Amino acid sequence: MGMDDLQDLYQDIILSHNKRPRNEGDLPGHTHEAEGYNPLCGDRIRVFLRIEEGVVAAVSFHGEGCAISRASASMMTERLKGCREGEIGKRVAEVVEMLAGPVEPKLDLESAGDLAALAGVRKFPARIKCATLAWHAADEALEKGGVSPGS
Ligand code: ZN
């Protein structure tokens with residue numbers, strides 16, 4: 001597969017997440033939430049987590065934003081669902097590092113899944129904040145601490 005084909009494939013993955021985001025909407029009974037805002041682009045993404053017995057039972061997001069911010073939020077929900085509360089920070093850090101760290105990661109679709117497509121955003125520094133927005137919001141939701149379910 002040539003680089004151009006690969007680029008197209010990555011773009012397709014991002015556009016498909018934007019068009020049909022996974023886990024978009026409110027999350028009844030959520031225990032954590034936070035909003036991320038990216039003034040550079042105008043993206044505003046609200047993230048909800050429902051943590052039950054130390055495990056992320058459900059994740060959702062909603063908001064307005066560009067294709068990259070929404071696709072990234074969609075991937076974030078898939079990546080964090082089912083993980084232990086203590087692993088969230090690590091998973092977020094991995095993706096932020098992948099997008100904004102000093103070393104370009106070597107990822108392939110097989111091992112990293114759709115997240116590999118997101119790594120392509122590295123080439124567009126102005127868009128990196130779009131791609132990290134939902135991840136930082138998930139982190140912030142945890143830092144803020146839990147709210148009573150249903151409130
Ligand atoms: Zn954006």
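Above this text sits the structure in question.
Notes on the structure in this doc start here.

What counts as what
- The residue numbers shown here count from 1 along each chain, following its written sequence.
- Per-residue local features are limited, in this predicted model, to residues with pLDDT of at least 70; the limit for side-chain atom pairs, both in listing and counting, is 80 or more; totals at the level of whole chains, interfaces and linings are taken over all residues.
- In computing side-chain values, all of the structure's heavy atoms are included and hydrogens and water are not.
- By the criteria applied, helices consist of DSSP H or I runs no shorter than four residues and strands consist of E runs no shorter than two, each listed in order from the N terminus.
- Any N or O atom pair separated by 3.5 Å or less is treated as a polar contact, with the protein-specific requirement of one donor-capable and one acceptor-capable atom, and with residues adjacent in sequence counted only for side-chain atom pairs.
- We call two residues contacting when some pair of their heavy atoms lies within 4.5 Å.
- The term salt bridge refers to a side-chain nitrogen of Lys or Arg lying within 4 Å of a carboxyl oxygen of Asp or Glu.
- Exposure classes here rest on a 1.4 Å probe applied to the protein chains alone. A residue is buried below 20% of its type maximum, exposed above 50%, and partly exposed in between.
- What we call a nonpolar core is a set of buried Ala, Val, Leu, Ile, Met, Phe, Trp, Tyr and Cys residues that are connected through their side-chain atoms within 4.5 Å.
- The axes used here are C-alpha line fits, helices contributing only the stretch in contact, and every angle between their N-to-C directions lies in the interval 0 to 180 degrees.
- The scheme is simple: roughly parallel for angles under 35 degrees, roughly antiparallel for over 145, roughly perpendicular for 65 to 115, oblique for anything else.
- Each crossing gets its handedness from the near helix: less than a right angle anticlockwise from the far helix is left-handed, clockwise is right-handed.
- Lys, Arg, Asp and Glu make up the charged group, whereas Ala, Val, Leu, Ile, Met, Phe, Trp, Tyr, Cys and Pro make up the nonpolar group; the residues left over, Gly among them, are polar.
- Following DSSP output, two strands are said to pair if at least two bridges run between them.
- Here the term donor refers to an N, O or S atom within 2.8 Å of the metal (or 3.2 Å for Na, K and Ca), and because water is left out of the atoms, sites may appear incomplete.

**Here's the deal with the side chain of Thr 77**
At step 1: Here Thr 77 shows up in helix 2 (residues 67–80).
At step 2: Only 2.8 Å separates the side chain of Thr 77 from the side chain of Asn 23, close enough to count as a polar contact.
At step 3: Ignoring sequence-local partners within four residues, the contact set of Thr 77 consists of Arg 22, Asn 23, Val 59, Ser 60 and Phe 61.

**A look at the pattern of salt bridges**
At step 1: Across all of its chains, the model carries nine salt bridges by this definition.
At step 2: For Glu 52, the salt bridge identified is with Arg 50, shortest N-O distance 2.9 Å.
At step 3: What makes Glu 52 partly exposed here is its relative accessible area of 42%.
At step 4: For Arg 50, a relative accessible area of 23% corresponds to the partly exposed category.
At step 5: What you see here is one network of salt bridges that share partners, running through Glu 33, Glu 35, Arg 44 and Arg 46.

**Considerations on the nonpolar core**
Note on soluble globular proteins: their nonpolar side chains tend to be buried together.
At step 1: Counting residues in each nonpolar core, the largest one holds 41 residues, and the members touching the most others are Val 47, Met 76, Leu 80, Leu 99, Leu 118, Val 121 and Trp 135.
At step 2: When residues of this core are traced back to their parent elements, those giving at least two are helix 1 (3–19), strand 2 (43–52), strand 3 (55–64), helix 2, helix 3 (88–100), helix 5 (115–118) and helix 6 (128–144).
At step 3: For this core, the element with the most residues is helix 6, which contributes nine residues.

**Some points on the environment of Gly 146**
At step 1: Relative to the elements of secondary structure, Gly 146 occurs in the segment after helix 6.
At step 2: Judged by relative accessible area, which is 54%, Gly 146 ranks as exposed.
At step 3: Residues Gly 146 and Gln 7 lie 139 residues apart in sequence; the distance between their C-alpha atoms is 40 Å.
At step 4: Setting aside residues up to four positions removed in sequence, Gly 146 forms contacts with Thr 31 and His 32.

**Digging into unusual backbone geometry**
At step 1: A positive phi is found at Asn 23, a non-glycine position, where the angle reads about 60°.
At step 2: Taking the relative accessible area as the measure of exposure, Asn 23 reaches 34% and is therefore partly exposed.
At step 3: One non-glycine residue, Glu 53, lies in the positive phi region at around 50°.
At step 4: You can call Glu 53 exposed: its relative accessible area is 80%.

**Quick look at the packing of helix 2 against helix 6**
At step 1: At a minimum axis distance of 7 Å, the contact between helix 2 and helix 6 shows a crossing angle of 40°. Here helix 2 is positioned oblique relative to helix 6, judged by the angle of their axes. Seen from above, helix 2 lies across helix 6 with right-handed handedness. Facing Ile 68, Ser 69, Ser 72, Ala 73, Met 75, Met 76, Arg 79 and Leu 80 of helix 2, the residues of helix 6 in contact are Cys 130, Ala 131, Ala 134, Trp 135 and Ala 138.
At step 2: A class-by-class count of the residues in the contact of helix 2 with helix 6 yields ten nonpolar, two polar and one charged.

**Concerning the pairing of strand 3**
At step 1: Sheet topology note: the strand 2/strand 3 ladder contains nine bridges and is antiparallel. Residue Arg 46 lies in a different strand from strand 3, and its bridge partner there is His 62.
At step 2: Count of turn residues in the strand 2/strand 3 antiparallel hairpin: two residues, of which Glu 53 carries a positive phi of about 50°.

**Observations concerning the coordination of the zinc ion**
At step 1: Only Cys 41 (SG), Asp 43 (OD), Asp 43 (OD), Cys 66 (SG) and Cys 130 (SG) from the protein coordinate the zinc ion, and they sit 2.2 to 2.7 Å from it.
At step 2: Taken in chain order, the donor set of the zinc ion reads C-x1-D-x22-C-x63-C. With Asp 43 in strand 2 and Cys 130 in helix 6, the pair connects residues that are 87 residues apart, well separated along the chain.

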